[in-house]
There are 4 protein chains.
Amino acid sequence: MAMIGAGRMGQAHARVLLGLPECRVVRVVDSQAENAERVAAELGAQASIHLEDALQDPAIDAVIITTPTPTHAGLIHAAASAKKAIFVEKPVAHSLEAGRQAVMAVERAGVPCQVGFQRRYDPAYARAKALIEAGELGRLEGFRAVGRDPTPPKLEFLKTSGGLFVDMGIHDLDLARFFLGEVAEVYAIGGALSNPELREHGLFDTAVGTLRFEGGAVGTVEVALRTAYGYDIRTEVLGERGRYHVERDRRPDLTIYDARGGSFDRPRNFEERFPEAYAAQMVAFAQNLHAGKPLSPTARDAWHSLRLALAAQEALETGRVVRVRDVGGDL
Amino acid sequence: MAMIGAGRMGQAHARVLLGLPECRVVRVVDSQAENAERVAAELGAQASIHLEDALQDPAIDAVIITTPTPTHAGLIHAAASAKKAIFVEKPVAHSLEAGRQAVMAVERAGVPCQVGFQRRYDPAYARAKALIEAGELGRLEGFRAVGRDPTPPKLEFLKTSGGLFVDMGIHDLDLARFFLGEVAEVYAIGGALSNPELREHGLFDTAVGTLRFEGGAVGTVEVALRTAYGYDIRTEVLGERGRYHVERDRRPDLTIYDARGGSFDRPRNFEERFPEAYAAQMVAFAQNLHAGKPLSPTARDAWHSLRLALAAQEALETGRVVRVRDVGGDL
Amino acid sequence: MAMIGAGRMGQAHARVLLGLPECRVVRVVDSQAENAERVAAELGAQASIHLEDALQDPAIDAVIITTPTPTHAGLIHAAASAKKAIFVEKPVAHSLEAGRQAVMAVERAGVPCQVGFQRRYDPAYARAKALIEAGELGRLEGFRAVGRDPTPPKLEFLKTSGGLFVDMGIHDLDLARFFLGEVAEVYAIGGALSNPELREHGLFDTAVGTLRFEGGAVGTVEVALRTAYGYDIRTEVLGERGRYHVERDRRPDLTIYDARGGSFDRPRNFEERFPEAYAAQMVAFAQNLHAGKPLSPTARDAWHSLRLALAAQEALETGRVVRVRDVGGDL
Amino acid sequence: MAMIGAGRMGQAHARVLLGLPECRVVRVVDSQAENAERVAAELGAQASIHLEDALQDPAIDAVIITTPTPTHAGLIHAAASAKKAIFVEKPVAHSLEAGRQAVMAVERAGVPCQVGFQRRYDPAYARAKALIEAGELGRLEGFRAVGRDPTPPKLEFLKTSGGLFVDMGIHDLDLARFFLGEVAEVYAIGGALSNPELREHGLFDTAVGTLRFEGGAVGTVEVALRTAYGYDIRTEVLGERGRYHVERDRRPDLTIYDARGGSFDRPRNFEERFPEAYAAQMVAFAQNLHAGKPLSPTARDAWHSLRLALAAQEALETGRVVRVRDVGGDL
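Every value quoted in this text rests on a predicted model; they were computed, and no experiment measured them.

Peer 1: Before we go on, may I ask you to explain the UniProt feature "domain: GFO/IDH/MocA-like oxidoreductase" (unreviewed entry) in chain A in this structure?
Peer 2: The UniProt record annotates "domain: GFO/IDH/MocA-like oxidoreductase" (unreviewed entry) at residues 125–244 of chain A. A distance of 9 Å separates the end C-alpha atoms of residues 125–244 of chain A, which is 31% helix and 37% strand.

Following this line, the structure appears as structure tokens:
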């Protein structure tokens with residue numbers, strides 16, 4: 001495999017890939033030579049600043065795209081043309097139009113493509129999904145998601161990130177679709193509660209919304225850029241026969257009892273919450289590729305999650321109820 | 001004290017009052033003689049079918065009104081005129097206009113009046129409130145509430161109950177105000193997911209909504225008439241410095257480990273979730289009366305919770321964002 | 001009923017009795033007139049310094065004995081002679097010989113007698129017991145109990161209390177018998193870890209031990225006079241099909257998430273851990289008396305718990321494995 | 001590195017090593033060629049049936065010994081003579097005498113040696129240890145450990161395993177020493193509760209015991225070969241200022257609420273409970289070797305854990321309190 005992109009997410013993925021014998025990375029490409037070299041050294045791979053070194057190498061079966069979002073669609077296009085299998089970090093593109101073209105390129109080329117919604121591979125989410133597929137929850141009726149990051153990115157990043165629901169909430173909205181299918185309508189409100197400077201740029205650090213699913217279920221979603229108490233990811237699926245609640249409340253597995261009562265530490269970031277998921281999604285990518293099995297989620301699937309995120313963002317920014325199908329045409 | 005109303009809620013209150021030496025009930029009034037007699041016998045009190053027997057008895061300091069909602073306002077008026085202190089079950093009235101008149105009657109007569117939002121007296125909610133008042137949470141930023149009943153009332157009751165947010169969600173909305181102050185705007189969607197018959201009558205069994213508080217915070221609320229898994233009441237307050245989470249997940253205090261893993265029972269209804277709260281609110285009523293201290297929540301406070309519930313109900317039924325101040329004038 | 005003993009435990013019981021309409025206390029006896037008067041006033045009863053005022057009053061059906069342990073046996077004897085039903089705080093007596101005579105007096109007189117092992121009436125313990133009786137756990141194989149008090153009593157009390165296992169551990173040992181039947185052998189070690197002064201008087205503040213049950217199961221028990229983290233009562237029963245774990249870890253039902261992670265308060269003493277149990281045991285006493293049903297645990301049952309406690313104490317003090325049947329003869 | 005032993009534990013370690021780029025295994029030795037070949041293929045290493053192929057290869061820095069216990073001491077001796085660094089699965093040897101010679105060989109040769117008590121590297125245990133070292137718990141006063149396996153090994157294995165405390169309880173006893181230092185005295189009782197056949201061979205499937213530490217603290221330990229409810233590992237350290245409780249109760253992070261209440265799955269075996277620990281101990285081995293830092297636990301340290309386990313086993317089998325220093329001489 002080749003890794004394209006050796007910045008922040010690329011480095012995070014490199015740490016995961018190091019531990020996965022299923023995934024052998026032989027080349028790392030980054031336009032910044034020193035990034036490429038650093039990660040290549042870690043992975044025992046060769047560094048390049050030219051994409052073509054990876055795409056034209058017949059020994060490379062697959063590329064892992066971990067560059068900034070605006071480059072995703074173009075890289076997918078290039079990789080598909082070179083007939084490489086593709087793993088690309090979420091979101092599949094920075095816009096629906098770019099995403100549509102990427103999906104088309106992938107499907108036309110017939111290359112396998114998986115988008116990095118790692119939560120679907122977390123043991124708890126995967127277990128919930130399996131039970132739901134087996135009908136254990138009966139008719140699906142509701143959804144609730146909380147996704148709160150401990151610390152906001154820099155203002156410069158936020159200005160170009162596409163917004164709270166697109167950069168961050170997309171994980172929660174992807175889970176909504178993963179568990180309950182397509183969303184018909186979305187409404188959202190929010191604010192810049194912790195950092196008034198965001199307000200001047202029309203940005204939000206907190207948002208809450210409602211989802212009406214095509215199947216009739218209703219749900220809520222809450223996202224925030226900042227908490228005082230660490231990383232807070234909770235997801236619930238409600239059905240005719242019960243409720244599935246996914247949460248990693250305590251990490252490590254230590255409870256301290258002292259004069260103040262009981263207390264425990266919590267996961268502080270996605271690397272502490274989702275180590276198994278990041279590994280499992282890459283293992284699934286490699287193993288399914290190898291076995292010729294379908295990859296998941298596909299670019300098409302991820303395009304719908306992007307559309308939902310853009311619809312939520314539009315609702316948040318306009319104060320209007322947004323019909324998801326009215327956003328960005330269709331595939 | 002006298003108890004007015006010996007139906008379902010009256011009987012529930014009687015069971016609580018029996019255990020409270022602070023509250024001596026000497027008369028039970030109900031237009032249905034047998035209800036009155038049954039509860040009177042339990043409480044060692046006299047039964048009456050005439051309200052005046054209670055109101056004109058100078059030995060009676062206070063009345064506990066546990067009749068159906070539509071009668072609340074009239075009874076408050078009558079009790080205020082008779083200069084009795086008043087405890088009345090929530091909501092304070094069936095309409096804002098009736099509620100306004102009740103508030104006026106109480107305030108004009110100068111009688112103490114407490115409305116039965118028992119959750120405010122639950123040890124966990126009361127502790128959270130005390131910490132918030134002490135500034136432990138810093139600036140308040142968010143709110144989340146789930147209120148799900150195990151089993152829906154009969155259709156006949158639902159048709160006249162005022163709707164999901166008025167009959168049930170009012171507890172959660174009262175907590176929203178209790179913790180974060182007044183709500184500016186509310187939006188809600190829902191459905192009749194478990195019982196299509198409700199749909200024919202324009203009724204909902206599930207609703208989710210968003211709240212925008214006057215202070216800038218945002219929140220969500222979710223209510224349902226039915227779960228497959230018992231009584232589900234959870235409330236969260238989010239602030240600059242953390243998150244307070246109130247939930248009684250396990251009752252009794254027994255975890256069973258067997259071939260299926262771990263499992264536990266849950267509170268199944270308000271009597272299993274809130275026994276301490278129902279007792280504490282009546283004790284507070286009696287003790288504060290006796291000490292000449294103010295009661296809480298007052299009729300005026302409760303009127304605002306009713307208005308918020310009606311606003312939420314209007315949002316749910318119309319699909320529009322509702323400004324709370326636009327509902328029902330002001331006090 | 002009459003209450004005999006208005007000291008520390010009497011006052012705790014009075015607070016419970018106040019809330020129980022099933023139990024009407026008409027007389028409070030204490031050799032210290034001011035104690036008697038204080039509790040009598042609280043309960044709306046008459047105060048006495050003479051036991052005979054209670055025992056010779058034909059309007060009194062039952063006595064509640066909450067005096068210091070050394071007086072229990074004599075008072076049981078007197079009450080039994082007066083044909084009063086008896087509730088007596090644990091332990092049934094200060095010595096096995098005195099206990100034996102008390103049991104004999106009760107059984108000869110044919111009066112109902114219940115000993116105050118309130119935990120048996122806690123909802124979680126009672127639920128575990130019901131499941132075990134129904135065979136849900138299969139063959140019983142093990143037991144584990146932790147009983148740790150937050151704060152030690154005064155040294156003066158400790159010197160005469162009979163020791164750690166007799167005053168405190170007896171609750172845990174009574175549960176061992178309640179769930180798994182009689183104990184054949186006990187071994188224990190301990191120390192005066194927090195207070196070296198205890199050591200000078202041959203006293204312990206911490207002890208751990210093993211139990212071998214007559215049915216073949218084995219278990220552990222741990223008791224301590226002091227923790228830094230509040231009241232810690234945990235009990236486990238292990239069987240062929242699983243494990244029952246009883247613990248009230250969090251009270252009130254509030255979890256706080258802040259910069260330090262998650263935290264929660266804990267029950268701090270028996271009144272915060274066992275309010276339902278203290279009420280339920282008195283209600284059961286009154287209701288079973290009234291219905292002519294047998295009381296539980298009986299004086300005979302409680303005598304065996306005392307013997308087990310004395311055996312554990314002997315093991316602790318001698319460093320030897322003690323056969324329970326070798327202690328204090330038999331009944 | 002070379003791996004010596006490709007049986008059950010070797011295969012488990014191979015799965016861990018596969019994910020650890022820090023540890024490059026180039027040779028796998030097993031007297032059973034097919035085991036060696038299978039694991040070698042997995043690890044991309046060469047297979048051998050001759051130990052010397054590993055020991056005489058100058059490219060090999062370290063050996064990982066995962067053979068059956070009786071061979072540990074001899075292999076340690078051989079590896080030490082060949083000046084290889086050593087990782088050896090617990091216990092360090094099958095007898096104290098063999099262990100002593102292994103320790104001597106290691107120390108004489110001056111080779112680094114780490115024994116596989118992986119729990120010390122689990123994030124929760126490591127965090128507890130760090131807090132204790134920092135004095136957060138104050139004076140250490142108590143210890144409690146539960147170690148229960150879900151399914152017993154075959155009778156044939158049990159007959160030669162050295163007994164319940166040596167094969168299994170040694171992990172819990174090693175933690176006792178890790179946290180509170182050396183144990184002075186041990187007492188234990190047990191039975192063959194689930195499988196009477198064990199009894200015929202003088203074997204136990206359940207044991208409970210007490211520990212008296214040299215520093216004055218006391219504790220309990222409980223081990224079992226079988227539960228109906230999965231893998232149950234709990235450890236508590238009690239101190240002047242509180243209690244540290246280590247337990248992984250729920251895995252995956254999913255709670256299911258349905259008509260039966262709440263329920264959750266549990267880790268079912270050591271691979272589900274300790275994946276992080278198995279990885280972390282090997283990473284520490286590799287990194288500390290590379291950095292020239294001391295390894296932990298050393299063979300000497302592990303010898304003391306073995307002595308404690310043998311003392312506990314002797315107590316269990318003889319019914320006597322055993323002084324640990326009286327067992328097997330000293331180092």
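Peer 1: Quick question: what am I supposed to make of the relation of the copies chain C and chain B here?
Peer 2: The two chain copies are connected by a rotation around an axis plus a translation along it. Its rotation angle being 180 degrees, the transformation that places chain C on chain B also includes 0.1 Å of axial translation and leaves an RMSD of 0.0 Å. Considering both components of the superposition, the chain copies are consistent with a two-fold axis. Within chain C, the C-alpha atom positioned nearest to the axis of rotation is that of Gly19(C), 1.9 Å from it. Both copies share a contact surface, since 100% of the interface residues of chain C are interface residues in chain B too.

Peer 1: Please explain the sheet that holds strand 1 (residues 2–4) of chain C as it appears in this structure.
Peer 2: What holds strands together in a sheet is hydrogen bonding between their backbones, with the strands either parallel or antiparallel. Residue and element names in this part refer to chain C. The parallel open sheet is built from 6 strands, whose spatial order is 3-2-1-4-5-6. The sheet is open, and its two borders are formed by strand 3 (46–48) and strand 6 (113–116), each paired with just one other strand. When strand polarity is set aside, the average angle formed by the axes of neighbouring strands in this sheet is 15 degrees. For strand 5 (residues 85–89) and strand 6, the ladder comprises 4 bridges, and the chain directions are parallel. If you follow valine 88 over to strand 6, its bridge partner there is valine 115.

Peer 1: Would you take a moment to explain the side chain of Asp174(D) for this structure?
Peer 2: When you line up the elements, Asp174(D) lands in helix 9 (residues 169–180). The contact partners of Asp174(D), leaving out residues within four places of it in the chain, are Phe117(D), Arg120(D) and Ser305(D).

Peer 1: Mind showing me how you'd approach unusual backbone geometry here?
Peer 2: With an omega of -5 degrees, the peptide bond running from Ser296(C) to Pro297(C) counts as cis. Its place among the elements puts Pro297(C) in the loop between helix 12 (275–291) and helix 13 (299–318). With a phi angle near 65 degrees, Lys83(A) is a residue other than glycine that sits in the positive phi range. Tracing the backbone shows Lys83(A) in the loop between helix 4 (72–81) and strand 5 (85–89). For Lys83(A), a relative accessible area of 57% corresponds to the exposed category.

Peer 1: When you look at the sheet that holds strand 5 of chain A in this model, what are you seeing that I'm missing?
Peer 2: Residues and elements named next belong to chain A. Read from one edge of the open sheet, 6 strands run 3-2-1-4-5-6, paired in parallel fashion. Both outer strands of the open sheet, strand 3 (46–48) and strand 6 (113–116), are each paired with one neighbouring strand and no more. Ignoring strand direction, the axes of neighbouring strands in this sheet form an average angle of 15 degrees. Inspection of the sheet shows strand 1 (residues 2–4) paired to strand 4 (residues 62–65) by 3 bridges, in the parallel sense. Paired with alanine 2 across the strands is valine 63, a residue of strand 4. Lying over the sheet, helix 11 (residues 275–291) contacts strand 4, strand 5 and strand 6, oriented at roughly 165 degrees with respect to strand 5.

About the criteria used
- Residues numbered from 1 in each chain as written.
- Chains lettered and ligands numbered in written order.
- Predicted model: local features only at pLDDT ≥ 70, side-chain atom pairs only at ≥ 80, totals over all residues.
- Heavy atoms only, no water.
- UniProt positions renumbered as here; feature names shortened; annotations may be inferred.
- Helix = DSSP H or I, 4+ residues; strand = E, 2+ residues; numbered from the N terminus.
- Least-squares fit on C-alpha atoms with pLDDT ≥ 70 in both.
- Contact = heavy atoms within 4.5 Å.
- Pairing = 2+ DSSP bridges.
- Axes fitted to C-alpha atoms, helices over the stretch in contact; angles between N-to-C directions.
- Buried < 20%, exposed > 50% of the residue type's maximum accessible area, 1.4 Å probe, protein only.

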